[in-house]
Structures are given as C-alpha cells and as structure tokens.
Amino acid sequence: MHPQRKQRLMIVVFILCVASLAAGLLGYALKENINLFYPPAEIVSGTAPVGKAIRAGGMVQEGSVQRATDSLKIRFVVTDYSAVVTVEYEGILPDLFAEGEGVVVSGKLAEDGVFYASEVLAKHDETYMPPEVSDALTKSAAKRAELEEKGSL
C-alpha cells in the first residue's frame, strides 16, 4: 500500500474512533436525563422504573383531586381508562388543570406505587391533547375493546 494512502486510511480510522467515542460518552452522559413517557397501564404493570425520572400522563379522574388545607400539596388520580396511578404534587398547578382533562406529569415513581411529581403540565387550550396521552388513551381503548370481544365469545 502506498504510504500516502496508508496515512489517509489511518486518519479516517482515527476520526471514526474519536467520533464513536464522543457519541458513546454523550449517550452515557445523557442517559440519566432521558424522561420516558409511561401511561398508567404500564406503571401499574411494573414496566416503569422505580426511583428514576419519568413522565406519566392520562386523564385526571373525576372526583379524585384532594387539596391540602395547610399547604400547596395536591393529590389526584391519573387514568388511561384501564388503570389508575395516584399522583402527589406540591406547588402551583397550571391554570388549565382540571378533572376530566389531559395531563402529563414529570417526576419519580415510589415503591408504594405513588407518583411524586415535580412538574405538572396541562393542556394549553380546549382542543389540545398531548400526543403521548392521546396515544396512550387510544391503545387503552383498543385493549379494552379486544378484551370485551374475547369476553363476549
């Protein structure tokens, strides 16, 4: 092999190795900051990791909102109509937060199955539904319909 060609090949291999190393280190550094979305059905089934930062979402169940009288603590239930997850949050809720409306919460799931939220996001107008919540509700409805068909046969 010609020396100049060999030198070019070594430069290309070096650049590929450095780029691979940089991508690997970047992925490792960002691994802890990835917030994956889990609907209530996956949280209840045990798919969601306990103690790691995740996002959950669904509809706020009617009649489930409980506010503390002496603090900003609030407790409510999020459902995808096939499972429910209790959420606790301390802070000021968005103006559009309401029962029967879509919500996405960020935080950590505890061993006791309660989701301790650090952030609550509500829809920003009457017609908007977060894509994750919409997908989770659609999948839940499909599973329910499938189970009803099997049960009626």
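One can find the structure itself at the top, above this paragraph.
What comes next concerns the included structure. Owing to the predicted nature of the structure, the values given are computational and were not obtained by experimental measurement. (Residues numbered from 1 in each chain as written. Predicted model: local features only at pLDDT ≥ 70, side-chain atom pairs only at ≥ 80, totals over all residues. Heavy atoms only, no water.)

## Some details on a nonpolar patch on the surface
Formally: A patch consists of residues whose relative accessible area exceeds 30% and which take part in no salt bridge; residues with like charges are grouped when within 9 Å of each other, and nonpolar side chains (Val, Leu, Ile, Met, Phe, Trp, Tyr) when within 5 Å. Residue burial considers only the protein chains on display, and all accessible areas are found by Shrake-Rupley using a 1.4 Å probe. Whenever a carboxyl oxygen of Asp or Glu lies within 4 Å of a side-chain nitrogen of Lys or Arg, that contact is scored as a salt bridge. Under the DSSP-based scheme used, a helix requires at least four consecutive residues in state H or I and a strand at least two consecutive residues in state E, with every element numbered from the N terminus.
Among the surface-exposed residues, Ile11, Phe14, Ile15 and Val18 lie close enough to one another that they form a single nonpolar patch of about 390 Å² accessible area. Its location among the elements puts Phe14 in helix α1 (residues 3-30).

## What about unusual backbone geometry?
Although it is not a glycine, Tyr81 sits at a positive phi angle of roughly 70°. Turning to its location among the elements, Tyr81 is positioned in the loop between β4 (73-79) and β5 (84-90).

## Looking at the pattern of salt bridges
Across all of its chains, the model carries one salt bridge by this definition. Measuring nitrogen to oxygen at the nearest pair gives 2.1 Å for the salt bridge that ties Glu88 to Arg75. Here Arg75 lies in strand β4 and Glu88 lies in strand β5, a separation of 13 residues in the sequence.

## Observations regarding the environment of Glu62
Note the following rule: Contacts: residue pairs with any heavy atoms within 4.5 Å of one another.
By the element assignment, Glu62 lies in the loop between β2 (53-60) and β3 (66-67). In sequence terms Glu62 and Gly100 are 38 residues apart; their C-alpha atoms lie 5.5 Å from each other. Look past the residues within four positions of Glu62 in its chain and what remains in contact with it is Glu99 and Gly100.

## What to know about the nonpolar core
Threshold: Among buried residues, the Ala, Val, Leu, Ile, Met, Phe, Trp, Tyr and Cys ones that are joined through side-chain atoms within 4.5 Å form a nonpolar core. Type-normalised accessible area, obtained with a 1.4 Å probe on protein chains alone, sets the label of each residue: buried when under 20%, exposed when over 50%, and partly exposed for intermediate values.
Core analysis: the biggest nonpolar cluster contains 20 residues, and Phe76, Phe97, Val105, Phe115 and Val120 have the highest contact counts within it. With sequence-adjacent residues up to four places away left out, Phe76 is seen in contact with Val60, Ser64, Val65, Val85, Thr86, Val87, Phe97, Val105 and Val120. Phe37, Val133, Ala136 and Leu137 belong to the second largest nonpolar core, which has six residues in total.

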